[in-house]
Amino acid sequence: MSAMSIPPVSPSEFSADILRHLKHSLGKDDSHASLYDWRMSLSLALRDRVVDPWFESTRKTYEARGKRVYYLSMEFLIGRLIEDVAVNLGLDAVAEAALADLGQDYAAVVANEPDAALGNGGLGRLAACFMDSLSTLGIPAYGYGIRYEHGLFEQHFEDGAQRETAETWLSQRHAWEFERPEVSYPIDFGGHVFEENGKTIWRCAETVMASAYDTPVIGWQAQWANTLRLWAAKPTTAFDLASFNRGDYIAASAPEALARTISRVLYPDDTTDIGKELRLKQEYFFTSASIQDLLRRFLSEGGDLNELPDHVAIQLNDTHPAIAGPELVRLLMDEHGFDKEAAIKTARGCLAYTNHTLLPEALERWPEELFIRILPRHHQIIQMIEAAHLSETGSAVRILEHGEVKMGELAFVMAHHVNGVSALHSDLVKETVFADLHRDYPGRIINQTNGITPRRWLYSCNPPLRNLINETIGTSWPNDLQQLDGLAAHAGDPAFLDAFQAAKDSNKARLSNWLKDHGGHALDPEAMFDVQIKRIHEYKRQLMNLLETVALWNEIRDNPNAGWTPRVKIFGGKAAPGYVVAKQIIHLINDAAKVINADPATRDVLQIVYPENYNVSMAEILIPATDLSEQISTAGKEASGTGNMKFALNGAPTIGTLDGANVEIRDCVGADNFFLFGLTAAEVTARRAEPDYARRAIEASPRLARVLSQIDSGVFSPGDRGRYGDLVQGLWNHDYFLVTCDFDSYFDSQRQVDTAFADKAGWTRMAALNTARVGWFSSDRTISGYARDIWNAPSLIASRTSRKDVA
Ligand code: 26Q
């Protein structure tokens, strides 16, 4: 076929494809087909059209002998794929028409797909956006991760409290993957190490197999496709027939059960409760499989391992795959005869590490004892790496310290570049967690501000706005998002602003209907939709949002005729199952919603909505319908945020602190189009050093003191008045995240939002300028930065190679 052009297809041809799959892949005729059958048939018909560009991309990569990028990540939060694939193939309208011809509702078929939640939050969703951009940019790449049998748990509310149940996305066949039983590697654990004839031998105690499943990732207009390769754990010997014949049926399946545990479930903790043995095994499992796989590919193409860094770039998504360094060194030394200097140098030439957090509790450290027991050879190699690092730099920073293996230091020392994920965060990485290593290796730390894929986060999720943009500036913006600049010229045009507002209103109506269908009630379409959706964490300060909501409730009751701007406060997000305070915050939001929503004195102007089980698909409905984006973390704590970018892109101004990428968003949209409040990162540090800062803040704010005493006394938990005593006492006594200190500033800023929203035309203009000015936050720009500054990996799409990438 002519390279990479999409063959045109009519709705009738495409419905024939769907019917063919219905019959031959699903074994159904159209009179008996279920929604599942239609969804699978549609997915397979789309998948067919991904295969040629995929093969073509592989062929071009092979011919170019170019560099391949390997993105190692414990998490890929990909969500649903039907629309994603249809849009990238340019078949979204065709697919919808074809299904209509077959008497099926496209939206219902799309919604039948399980939301693949192989991630916790920001880090996992970033990996998914990066895969999309790598393909759109035509950079040869593999994403490597784990094919978890159970993704992130499902969240339910029971009397307002979070309950978790297992997620089961694989209970139905996964439409997009290709099983590769022939691609599998042994992964060893435990045992001991000895020397024999001058060679180091690791005699392991236990082995599982890593077996590959490939999902093609198609880029914009099908110009390129890469592979997401996920590893499933399988036993080396499936079944112990001897035990079975003895009648011991449980022992017979023991090896299988043991092995499968490794890829059974995603750890639901973002940042808390680390240090579990199974987690370390998961990390080594997928990292070792990935390194073995990329070495096999390199050697099969006749490569010389000394030149590995010219052909292979390995990006570590946080420290979770940091064992890649020692693993690569081990394979080079123990299997390929490298000496230690050459092995370390070669490994470092390939590896780079992205840091996503400064929170001390999230920095991975493993007990050395555990390491010696599970990965004895790697422990030796880490000692060697540490010795080389100490003598090379005269550094005082150790990797092994206080009986622990410090994964951040390991990743840093083994990487040629280390990057933070926003300008502020990268500065703080240099000044705080890695200050000493920054001195030892000047220039190693750089910044790559995060981004989001405009295909999913504007084109697919927001059809009304997409259409308006197409009419206004043409249709070539989805892979060149900076073109949105062109919208700014229309920000003074009343007809454009009316159309912009009409798009927002239609998204708000869609959300309102969706909530009604999902156990909620209709919302006032005139009200401001004020949205905070993200994992529940103290530093993200959902609690401050709730306190402000209660204060507003009080204010409205005190002054019912003050002309209040109607608001709906929408929350979404999960708490790690073991994170007690986060779960109390969820409970409190739901308890407060019950009381406040029922109050006849305020219910027309203030509502709280908290739909269960926030996930990627829910975000796709909520974000386009949002008027106000809540990005209110304690300054210095949110590494970047990416939700903040999605909201701004979809025309929701931010109320936020100077944290993470908020800083850069505000620089782009302009201070007039951003509601800033709160302490800066430097002020946060200074305030913490002041004695009694929380108590003093509460005593200085009667408004806050009143809210706290209401919660403390059980106004929202009448059946259990002591329920929130600890939560409130926590604010009085420590308040590490300075909710109390920023409260007044936040409340005042919200009142400015009220005033601004009441000026309809002014608000719409502000919203439109947000959309127009955040084109820079495309993950295509981010990936171009990684490709240029870290990977030295060119695009293999002919028209892109000469393009000067914007930074
Ligand atoms: C570590 C060890 C054991 C168990 C779990 C973990 C673990 C898992 C997930 C630690 C951290 C995470 C996730 C972190 C995360 O999502 N960080 C976010 O990354 C985004 C992308 O860069 C940023 O935008 C967010 O600011 C950051 O919080």
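Before reading on, note that the structure itself is shown above.
First, a word on scope: everything that follows refers to the structure included in this document. (Residues numbered from 1 in each chain as written. Predicted model: local features only at pLDDT ≥ 70, side-chain atom pairs only at ≥ 80, totals over all residues. Heavy atoms only, no water.)

Another aspect to go through is the overall build of the protein chain. When its secondary structure is counted, the protein chain shows 34 helices and 24 strands. Its C-alpha atoms give the protein chain a radius of gyration of 27 Å, near enough to 28 Å, the size a compact globule of 807 residues would have. Each of the three principal axes of the protein chain carries a C-alpha extent, and together these read 90 × 70 × 65 Å. In the protein chain, the share of contacts with a sequence separation of at least 24, taken over all contacts with a separation of at least 6, comes to 78%. Here the protein chain has roughly 29,500 Å² of accessible surface; of this, 51% comes from carbon and sulfur atoms. Charged side chains in the protein chain number 79 positive and 107 negative. The centres of these two groups are separated by 1 Å. (Helix = DSSP H or I, 4+ residues; strand = E, 2+ residues; numbered from the N terminus. Rg over C-alpha atoms; globule rule 2.2 N^0.38 Å. Contact = heavy atoms within 4.5 Å. Areas by Shrake-Rupley, 256 points an atom, 1.4 Å probe, with all protein chains shown as cover. Lys, Arg positive; Asp, Glu negative; His and termini not counted. Charge placed at Lys NZ, Arg CZ, Asp CG, Glu CD.)

Moving residue by residue along a regular strand, the side chains alternate between the two faces of the sheet. Of the two faces of strand β17 (residues 417-420), the one carrying His417 and Asn419 and the one carrying Val418 and Gly420 are both buried. Across three bridges, strand β13 (residues 351-354) lies against β17 in parallel orientation. Across the sheet, the residue bridging to Ala352 is His417, located in β17. Bridge count for β17 against strand β18 (residues 445-447) is three bridges, and the pairing is parallel. Paired with Asn419 across the two strands is Ile446, which belongs to β18. (Buried < 20%, exposed > 50% of the residue type's maximum accessible area, 1.4 Å probe, protein only. Pairing = 2+ DSSP bridges.)

The set of residues buried in helix α20 (residues 463-473) consists of Leu465, Arg466, Leu468 and Ile469. Projected down its long axis, α20 carries its buried residues within an arc of 165°, all on one side. Lining the buried residues of α20 we find α4 (92-101), α19 (454-460), α21 (494-517), α25 (643-649) and α32 (760-773). Downstream of α20 by a residue or two, Gly474 has a phi angle that is positive, lying close to 90°. (Arc of directions from axis to C-beta.)

Along the polypeptide, Ser795 turns up in the loop between α33 (779-791) and α34 (798-801). The class for Ser795 is buried, based on a relative accessible area of 11%. Sequence-wise, Ser795 and Leu134 are 661 residues apart; in three dimensions their C-alpha atoms are separated by 8.9 Å. Looking at Ser795, its side chain comes within polar contact range of the main-chain oxygen of Leu137, at 2.7 Å. (Polar contact = N/O pair within 3.5 Å; in protein donor to acceptor, adjacent residues only side chain to side chain.)

Our focus in this paragraph is the site of the ligand. As a matter of local geometry, the ligand sits amid 20 residues, with Asp269, His356, Asn450, Glu638 and Gly641 nearest to it. Within the contact set of the ligand, an oxygen atom lies 2.6 Å away from a side-chain nitrogen or oxygen of His356. Within the backbone of Gly641, a nitrogen or oxygen atom sits 2.8 Å from an oxygen atom of the ligand. When the ligand is considered free in solution it has 610 Å² of accessible area, and contact with the protein chains removes 95% of it. Take the shell around the ligand: its biggest share by element is three residues, from helix α6 (residues 122-137). Grouping the amino acids of the shell around the ligand by side-chain chemistry returns six nonpolar, eight polar and six charged. (Near = heavy atom within 4 Å. Nonpolar A, V, L, I, M, F, W, Y, C, P; charged D, E, K, R; others polar.)

By the definition in use, this model includes 51 salt bridges. Two residues, Arg398 and Glu386, come together in a salt bridge whose shortest N-O distance is 3.3 Å. With Arg398 in the loop between α15 (376-393) and β15 (400-401) and Glu386 in helix α15, the pair connects residues that are 12 residues apart, well separated along the chain. Overall, the relative accessible area of 38% leaves Arg398 in the partly exposed class. Here Asp720 and Arg723 are joined by a salt bridge, their closest N and O atoms 3.1 Å apart. Judged by relative accessible area, which is 33%, Asp720 ranks as partly exposed. Taking the relative accessible area as the measure of exposure, Arg723 reaches 28% and is therefore partly exposed. Salt bridges sharing partners connect three or more residues here, namely Asp530, Glu548, Arg567, Lys569, Glu630, Arg751 and Asp754. (Salt bridge = Lys/Arg side-chain N within 4 Å of Asp/Glu carboxyl O.)

Burial along strand β21 (residues 606-609) is two-sided: the residues Leu606 and Ile608 and Gln607 and Val609 are all buried. In this structure, strand β20 (residues 567-572) lies alongside β21, joined through four bridges in parallel fashion. For Lys569, the partnering residue across the bridge sits in β21 and is Ile608. Between the parallel elements β20 and β21, the chain passes through helix α23 (residues 580-597) in a crossover that is right-handed. (Right-handed = clockwise from strand over helix to strand, strands pointing away.)

Before going further, it helps to spend a moment on a nonpolar patch on the surface. Residues Leu241, Phe244 and Tyr249 make up a contiguous nonpolar surface patch of about 320 Å² in total accessible area. Within the secondary structure, Tyr249 is located in helix α8 (residues 249-252). For Tyr249, a relative accessible area of 52% corresponds to the exposed category. (Patch = residues over 30% accessible without salt bridge, like charges linked within 9 Å, V, L, I, M, F, W, Y side chains within 5 Å.)

Another point: unusual backbone geometry. Backbone geometry follows two general trends: most residues other than glycine have a negative phi, and most peptide bonds adopt the trans configuration. With phi around 50°, Asp159 is a residue other than glycine that occupies positive phi space. Structurally, Asp159 can be placed in the loop between β5 (154-158) and β6 (161-165). For Asp159, a relative accessible area of 68% gives the class exposed. Its identity as a non-glycine residue notwithstanding, Arg541 has a phi of 60°, on the positive side. Relative to the assigned elements, Arg541 resides in the loop between β19 (528-533) and α22 (542-558).

In spatial order, the strands read β21-β20-β19-β22-β23-β24; together these six strands make up an open sheet with parallel pairing. Each of the sheet's edge strands pairs with one partner strand only, and the pair in question is β21 and β24 (675-676). Sitting on the sheet, α23 is in contact with β20 and β21, with an inclination near 145° to β21. (Axes fitted to C-alpha atoms, helices over the stretch in contact; angles between N-to-C directions.)

A separate point is helix α12 (residues 324-335). Counting along an α-helix, one turn takes 3.6 residues, and residues three or four places apart therefore face a common direction. Compared with an ideal rise of 1.5 Å per residue, which puts 12 residues at 16 Å, α12 spans 15 Å between its outermost C-alpha atoms and is within 8% of the ideal. A large share of α12 lies buried, amounting to 11 of its 12 residues. Positive phi shows up at Gly337, right after α12, with a value of about 70°. (Expected span 1.5 Å × (residues − 1).)

What follows concerns the nonpolar core. Among soluble globular proteins, nonpolar side chains are generally buried collectively. In this structure, Phe14, Leu42, Leu46, Trp231, Phe285, Ile314 and Trp791 are the most contacted members of the largest nonpolar core, which totals 197 residues. Non-local contacts of Phe285, meaning those with residues more than four positions away in its chain, are made with Ile187, Phe189, Val208, Met209, Ala210, Trp231, Ala232, Ala233 and Ile262. Core analysis: the second largest hydrophobic core is formed by 53 residues, Leu588, Ile632, Ile655 and Trp763 among them. (Core = buried A, V, L, I, M, F, W, Y, C linked by side-chain atoms within 4.5 Å.)

Our focus in this paragraph is the packing of aromatic side chains. Taken as a whole and assessed by the stated rule, the structure comprises 26 aromatic pairs. Ring plane angle 25° and centroid distance 6.3 Å describe the contact between Trp54 and Phe55, whose orientation is recorded as stacked. By relative accessible area, which is 53% here, Phe55 ends up exposed. Taking the centre distance of 5.1 Å and the plane angle of 90° together, the rings of Trp776 and Phe777 count as edge-to-face. Cluster of aromatic residues (ring-pair linked, three or more members): Tyr70, Tyr142, Tyr144, Tyr185 and Trp231. Sitting over the ring of Phe189, Lys281 keeps its end group 5.5 Å from the ring centre. Sitting above the plane of the Tyr142 ring, Arg297 keeps its charged end 4.0 Å from the centroid. (Phe/Tyr/Trp six-rings, centres within 6.5 Å; stacked < 30°, edge-to-face > 60°. Lys NZ or Arg CZ within 6 Å of the ring centre and 35° of its normal.)

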